[in-house]
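Spelled out from the first residue to the last, the chains are:
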Amino acid sequence: MSFRFHDSLTREVRTFEPAEPGVVRMYNCGPTVYSHVHVGNLRSNVCWDVLRRALELGGYRVRQIMNITDVGHLTVDDVADAAGEDKMEFAARREQLDAWGIAAKYTAYFHDVRRKLNVRDAEQYPHATAHIPEMIAHIEELIRSGHAYVTPVGNVYFAVSTFPAYGRLSGNTVEELDAGARIEVLEEKRDPADFALWKRDDKHQMQWDSPWGRGFPGWHIECSAMARKYLGDTLDIHTGGEDNAFPHHECEIAQSEALTGRTFARFWLHTRFLLVDGQKMSKSKGTMYVVEDVEARGFAPRVLRYYLLSAHYRAPMNFTWDALTAATESVRGFDAMVRRVTPDAVAPNDPAVAVACAKADKDFLAALEDDLNISAALAAVHELRGAMNKVSAFSPADAARAWGTIDRIDSVLGLGLRDAAKPQDLGDADVQRLIDERNAARKARDFARADQIRKDLLAKGIVLEDTPQGVKWRRV
RNA sequence: GGCGGCGUAGCCAAGUGGUAAGGCAACGGAUUGCAAAUCCGUCACUCCCCGGUUCGAUCCCGGGCGCCGCCUCCA
């Protein structure tokens, strides 16, 4: 068996084999660090984290690189007056920090949140600002080979006409872009579709010396330069949000392939946007939720992770609080399953355990190999859950076998099921005393008293479960 | 206007040319002092609509309707 992925460039699902056997070179377009990453950003982070983990479960070594875009880049963002203010500078003015301070602050925030959602560390997180020399070298090479030109004022543009394949990824053509009239038409450009590699601007907060004067790099060049530096001329997988396909990835392909003459990325994977209540997230509607908003509603980060990974990466997903409630139930169900899987020295082996585990292992991976069919993969986990819940007691051998399967599954889902299975520490002598008191009341058949204690504990978020093995409890 | 995606039970959501996985919710039952948890069972006969191809289509083709995204440096 092998993985199959949908490649945005060819618009078909193809069998995936990395260029170098056993090693996958993956580049993820990362965050622009000028504000808080929101749940939409997190969806793509979780998707690519699951992809990376799935590839690892499949036996590959994954070299994952994610860029941090800490150079501002021209945009009007929410600024009404189209003055072309830099995002980083806009944020800086708002928060009275300089552009570098903003980048540092939100980079740290990004990593904090990412870790909360158990998104594993990539091999490297190269910062754009730390790779200006590489970008300049890349641009110089493009100028030398005739793919880029310098204007009289010292701006450098990529000449789209020198790269016939431009537009293949997005389905746009240079002619249609001309008609669009939405792109910047500047006299100094040879073709309206030409895009900036270097902008000269000595008023920009972030600026560097270059052969063309002090200025800053165009947005697209950082990924081409950094991907090449860390992973080489050809990537196996390049990912991003659906919005990145054009213009960003289109431009990356042009810049990289014009330079190397080699395929830049063998597979392009794009996630669809996360909608909120059926609509695109919007700052003005207050639907750009961040992790703290989710936690404030009482949902744990691992529930958010489960929710975000529970839909196919290439399908639009609609974020609602009800959906998170349903996700909570699913996670609780998994937790309940794993807590049952404890070795019992006197229990006999149950052949059903081996059968169910083998099936779950097989079905889970096979589903992921099929263009990350997460729904089918989760169905396999639910099937395992049902089978495990029917086992009355696990022999040490069965428990070990079951945990092997659970660990493999959780190596991809990342829900921390090992931790969920650990006996919880009451940490509160008063609570334990109440449970003891309730047990005494039950023994004395004073059920009114027993139920009152249970109700009081529930009010504190503690649920009691009377089992043949004694009273168990968990937090809501 | 150009490009692309989607429309499956109350909700989320797989999937196949031969009559619809899974989850959540709901309901019935077992179990329980009562609960919780767990187990068993029930829950789509227009898979948006209309045509066509076919022995047969939810899945293929054509046409609609509806929703969404990109073309604006938002993942």
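First, a word on scope: everything that follows refers to the structure included in this document.

Each value, and the rule that gives it
- Residues numbered from 1 in each chain as written.
- Chains lettered and ligands numbered in written order.
- Predicted model: local features only at pLDDT ≥ 70, side-chain atom pairs only at ≥ 80, totals over all residues.
- Heavy atoms only, no water.
- Helix = DSSP H or I, 4+ residues; strand = E, 2+ residues; numbered from the N terminus.
- Buried < 20%, exposed > 50% of the residue type's maximum accessible area, 1.4 Å probe, protein only.
- Contact = heavy atoms within 4.5 Å.
- Areas by Shrake-Rupley, 256 points an atom, 1.4 Å probe, with all protein chains shown as cover.
- Lys, Arg positive; Asp, Glu negative; His and termini not counted.
- Charge placed at Lys NZ, Arg CZ, Asp CG, Glu CD.
- Near = heavy atom within 4 Å.
- Polar contact = N/O pair within 3.5 Å; in protein donor to acceptor, adjacent residues only side chain to side chain.
- Phe/Tyr/Trp six-rings, centres within 6.5 Å; stacked < 30°, edge-to-face > 60°.
- Lys NZ or Arg CZ within 6 Å of the ring centre and 35° of its normal.

**Here we look at the overall build of chain A**
Reasoning step 1: Assigned secondary structure in chain A consists of 16 helices and 15 strands.
Reasoning step 2: Projecting the C-alpha coordinates of chain A onto the three principal axes gives extents of approximately 95 × 50 × 35 Å.
Reasoning step 3: A burial count over chain A gives 50% of its 476 residues as buried.
Reasoning step 4: Considering only contacts in chain A between residues 6 or more positions apart, those separated by 24 or more positions represent 73%.
Reasoning step 5: Only carbon and sulfur atoms are counted for the fraction: they give 51% of the accessible area of chain A, which is about 21,700 Å².
Reasoning step 6: Counting 61 positive and 69 negative side-chain charges, chain A places the averaged centre of each group 6 Å from the other.

**Examining the protein's contact with RNA strand B**
Reasoning step 1: Lining the immediate surroundings of RNA strand B are 51 residues, of which Lys-87, Gly-241, Glu-242, Asn-244 and Lys-280 lie closest.
Reasoning step 2: Taking all atoms of RNA strand B within 4 Å of the protein, the share assigned to sugar and phosphate is 60%.
Reasoning step 3: In this structure, Arg-272 approaches RNA strand B through a side-chain N or O atom, which is 2.9 Å from a sugar or linking oxygen.
Reasoning step 4: Looking at the surface near RNA strand B element by element, the count peaks at six residues for helix α12 (residues 374–389).

**Quick notes on the packing of aromatic side chains**
Reasoning step 1: One pass over the structure, following the stated rule, counts 20 aromatic pairs.
Reasoning step 2: Taken together, a centroid distance of 6.1 Å and an interplanar angle of 70° make the contact between Trp-100 and Trp-208 edge-to-face. Of this pair, Trp-100 sits in helix α3 (residues 99–116) while Trp-208 is found in the loop between β7 (195–200) and β8 (215–217), placing the two residues 108 residues apart along the sequence.
Reasoning step 3: A relative accessible area of 14% means that Trp-208 is categorised as buried.
Reasoning step 4: Centroid distance Trp-198 to Trp-212: 5.9 Å. Interplanar angle 55°. Geometry classified as tilted. Taken as a pair, Trp-198 in strand β7 and Trp-212 in the loop between β7 and β8 lie far apart in primary sequence, 14 residues in all. Comparing Trp-198 with Trp-212 shows no difference in burial state: the two are buried.
Reasoning step 5: Ring pairing ties together the aromatic residues Phe-3, Phe-5, Phe-16, Tyr-60 and Phe-267, which thus form one cluster.
Reasoning step 6: Positioned above the aromatic ring of Phe-267 is the side chain of Arg-14, whose terminal nitrogen or guanidinium carbon lies 4.2 Å from the ring centre.

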